[in-house]
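Breakdown of the fold
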Amino acid sequence: MIVPHPTDTPVPTRTVRKAVVPAAGLGTRFLPATKATPKEMLPVVDKPAIQYVVEEAAAAGLDDVLMVTGRHKRAIEDHFDHAFELEQALVAKGDAVRLDAVRDPARLANIHHIRQGEPLGLGHAVLCARRHVGDQPFAVLLGDDLIDPRETLLSTMLDVRERYAGSVVALMEVPREQIHLYGCAAVEPTEDEGVVRVTGLVEKPSPEKAPSAYAVIGRYVLDPAVFDVLDRTPPGRGGEIQLTDALQDLAADGTVHGVVFDGLRYDTGDKADYLRTVVRLACDRDDLGPEFIDWLKEFVAGLESGEGLGRGRLAA
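In this report, the structure presented in the accompanying data block is examined. (Residues numbered from 1 in each chain as written. Predicted model: local features only at pLDDT ≥ 70, side-chain atom pairs only at ≥ 80, totals over all residues. Heavy atoms only, no water.)

1. Examining the pattern of salt bridges
- Scanning the model with the defined rule gives 23 salt bridges in all.
- Across the pair Asp 228 and Arg 130 runs a salt bridge whose closest N-O atoms are separated by 2.4 Å. Here the residue Asp 228 occupies a position in helix H8 (residues 225-231), and Arg 130 occupies one in helix H6 (residues 130-133), the gap between them amounting to 98 residues.
- Looking at Arg 130, the relative accessible area reads 31%, which means it is partly exposed.
- Between Glu 191 and Arg 163 there is a salt bridge whose closest N-O contact spans 2.5 Å. Placement of Glu 191 in the loop between strand S9 (183-189) and strand S10 (195-203) and of Arg 163 in helix H7 (residues 153-164) is noted, with a sequence separation of 28 residues between them. (Salt bridge = Lys/Arg side-chain N within 4 Å of Asp/Glu carboxyl O. Helix = DSSP H or I, 4+ residues; strand = E, 2+ residues; numbered from the N terminus. Buried < 20%, exposed > 50% of the residue type's maximum accessible area, 1.4 Å probe, protein only.)

2. Things to note about the side chain of Glu 87
- Among the secondary structure elements, Glu 87 is positioned in helix H3 (residues 84-93).
- Polar contacts involving the side chain of Glu 87 include one to the side chain of Arg 103, which spans 3.3 Å.
- Non-local contacts of Glu 87, meaning those with residues more than four positions away in its chain, are made with His 82, Leu 99, Val 102 and Arg 103. (Polar contact = N/O pair within 3.5 Å; in protein donor to acceptor, adjacent residues only side chain to side chain. Contact = heavy atoms within 4.5 Å.)

Structure, rendered in structure tokens:
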């Protein structure tokens, strides 16, 4: 069963304590659902996607989280705040389970909010965190990438930062024909299995020009030196300030490492992958999985037989 990380679970003490979650995107791929609802608030089973991300940060010991949002993102702030009237209603009903679920988001970490103002790219969103982060290393977690709570990717990246200093990116090997969807890293091995030195980065290269099949996925642990680089980084691909371009500058000095991840990752930035994520996580739930899996098997069997399922059976 996939459950929220318990708030009383001991977490390691690290030099990295702050996380930045960029959440200012318009979510145009999910229109019209995202016309009035932030894409980060779309439910994955019964929790918004962004809550999984904050739970991951908290589980890794990052107790200070800055959300970089934009206009029409007030729902994110409300979700991670207390809802007095709702909580009192649940107390009156004696519904302790739902009361805990409502209170959990506000108890995960010390959560702050800042607006990006202009949609100038991921690099600019990270730069907006400069005053909050100061001269400390920090993590960046993208809300479109959900890492299964049973994985330890972020904790491993923080350990690599402790050992090597500099910045650390998460890498995943993808089919060559998909590399144009990601930032791509040129790498060389280190003495640690699963850890590579990043020698170069390219934003969304064609398969023919990609230096490897290693894609940069949405987890970073960044040295504060990245801010000075971002400050002088001109707009790149798409007319936006690209974090990849700044990391390319840092990689030239040998200060960027990568953690190669081959675990469970869910991409909620694409409609088809979003649906697969909901199904996968629902199947993993003790309270939903058994019944849902039985229905899913019956539904798929009906599709394969060409008979389909009637309205009544679909609603069962």
